[in-house]
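Overview (structure and organization)
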Amino acid sequence: MSESSVAEADRPDEAPAPDRTNRSAALIATAVALPVALLVGALALANLAPDAPAATPEPSPTTSRPQSTAPVEMAAPALAERPATVCRALLSQLPTSIRDLSQRPVTAGPEQNAAYGDPALTVACGGDEPEVAPTDHITLVNSVCWHAVERADVTELTTLDRETAVTVRVPHFYGEALQWVSPISATIVASVPSAGPAPSGCTP
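This text gives an overview of the structure that appears in the document. As the structure is a computational prediction, the values presented were derived from the model and not from experiment.

Moving on, we get to the state of the cysteines. Within this structure, the stated rule accounts for two disulfides. Disulfide partner of Cys87: Cys125, at an S-S distance of 2.0 Å. Judged by the torsion about the S-S bond (-85°), the Cys87/Cys125 disulfide is left-handed. Remark: Cys125 occurs in strand β4 (residues 121–127) and Cys87 occurs in helix α3 (residues 81–93); sequence separation between them is 38 residues. The exposure class of Cys87 is buried, given its relative accessible area of 0%. For Cys145, the disulfide goes to Cys202, at an S-S distance of 2.1 Å. Measuring the twist about the S-S bond at about 130°, one finds the Cys145-Cys202 disulfide to be right-handed. Remark: Cys202 occurs in the segment after α4 (182–191) and Cys145 occurs in strand β6 (residues 144–150); sequence separation between them is 57 residues.

Shown next as structure tokens:
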């Protein structure tokens with residue numbers, strides 16, 4: 001055996017040179033797979049998350065919403081015997097609700113005052129009739145003549161053709177005020193006697 005053959009036999013096996021092509025391919029595959037996995041995970045979390053709550057609609061006269069049941073502050077001036085009797089008759093026959101407005105307690109004079117809804121629509125019996133100017137707004141609703149005055153936050157409607165005056169205050173929140181006095185007018189006709197012919201401008 002030659003010396004060169006012995007030398008080659010005694011030489012340890014050399015490790016194969018690393019395959020640079022395979023290594024680069026692995027790095028590229030990892031770089032591509034990582035963001036894809038992150039994207040899939042994010043989409044999965046988004047599908048598992050609860051839906052965002054729907055926006056709560058603003059309350060309006062036509063949408064149901066919680067109404068306060070606290071007593072409504074109202075004045076109760078002393079009434080003479082006859083107006084007091086008429087007002088008790090009216091209050092005993094008023095409906096327990098006007099459209100979707102439930103009746104609420106009042107701080108004074110439940111025998112002459114009533115309130116509905118929140119903000120409160122109020123009914124006051126036994127006050128004075130207003131002075132009527134030629135340009136004032138007068139309307140007949142269900143056989144009751146109403147005089148309208150616009151205040152800061154409410155429309156004030158007062159009867160002009162009844163033995164005892166009745167005043168209804170309708171907050172502007174509820175829109176057209178006259179549409180709210182229709183059921184009240186029917187009760188007034190049944191319980192508060194007429195004072196005679198309706199004023200000029202308030203005839204059918």
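With that out of the way, let us pick up the sheet that holds strand β1 (residues 97–98). Pairing is antiparallel in the open sheet, where eight strands are placed in the order β1-β2-β3-β4-β8-β7-β6-β5. Here the strands that pair on one side only, and so sit at the sheet edges, are β1 and β5 (137–141). With five bridges joining them, strand β7 (residues 154–159) and strand β8 (residues 165–171) adopt antiparallel strand pairing. The residue bridging Thr158 from the neighbouring strand is Thr167, located in β8. Across the sheet, α4 lies against β1, β4, β5, β6, β7 and β8, angled at about 135° from β6, the strand it touches most.

A rise of 1.5 Å per residue sets the reference length of α3, with its 13 residues, at 18 Å; its end C-alpha atoms lie 19 Å apart and thus fit the reference within 8%. Taken together, the buried positions of α3 are occupied by Ala84, Val86, Cys87, Leu90 and Leu91. Viewed along the axis of α3, the buried residues span an arc of 165°, placing them on a single side of the element. Exposed side chains of α3 directed beyond 90 degrees from the buried face belong to Glu81 and Ser92. Along its buried surface, α3 packs onto β3 (113–116), β4, β8 and α4.

If you want to describe how two helices pack, look at the angle between their axes and the distance between the axes. In contact at an axis separation of 9 Å, α3 and α4 are set at 135° when each is read in the N-to-C sense. With respect to their mutual orientation, α3 and α4 come out oblique. For the crossing formed where α3 meets α4, the hand is right-handed. Contacts between α3 and α4 involve Val86, Ala89, Leu90 and Gln93 from the former and Thr187, Ile188, Ala190 and Ser191 from the latter. Residues belonging to the contact of α3 with α4 are distributed by class as follows: five nonpolar, three polar and no charged.

Moving on to the nonpolar core. Ranked by internal contacts, the top residues of the largest apolar core, which has 28 residues, are Leu121 and Val123. Counting only elements with at least two residues in this core, the list comes to α3, β3, β4, β6, β8 and α4. A per-element tally of this core places α3 first, with four residues. Excluding residues within four positions of it along the chain, Val123 makes contact with Met74, Leu94, Gln112, Asn113, Ala114, Tyr116, Val166, Thr167, Val168 and Ile184.

Reading the values: rules and limits
- Residues numbered from 1 in each chain as written.
- Predicted model: local features only at pLDDT ≥ 70, side-chain atom pairs only at ≥ 80, totals over all residues.
- Heavy atoms only, no water.
- Disulfide = S-S within 2.5 Å.
- Helix = DSSP H or I, 4+ residues; strand = E, 2+ residues; numbered from the N terminus.
- Buried < 20%, exposed > 50% of the residue type's maximum accessible area, 1.4 Å probe, protein only.
- Pairing = 2+ DSSP bridges.
- Contact = heavy atoms within 4.5 Å.
- Axes fitted to C-alpha atoms, helices over the stretch in contact; angles between N-to-C directions.
- Expected span 1.5 Å × (residues − 1).
- Arc of directions from axis to C-beta.
- Parallel < 35°, antiparallel > 145°, perpendicular 65-115°, else oblique.
- Left-handed = near helix turned anticlockwise from the far one by under 90°.
- Nonpolar A, V, L, I, M, F, W, Y, C, P; charged D, E, K, R; others polar.
- Core = buried A, V, L, I, M, F, W, Y, C linked by side-chain atoms within 4.5 Å.

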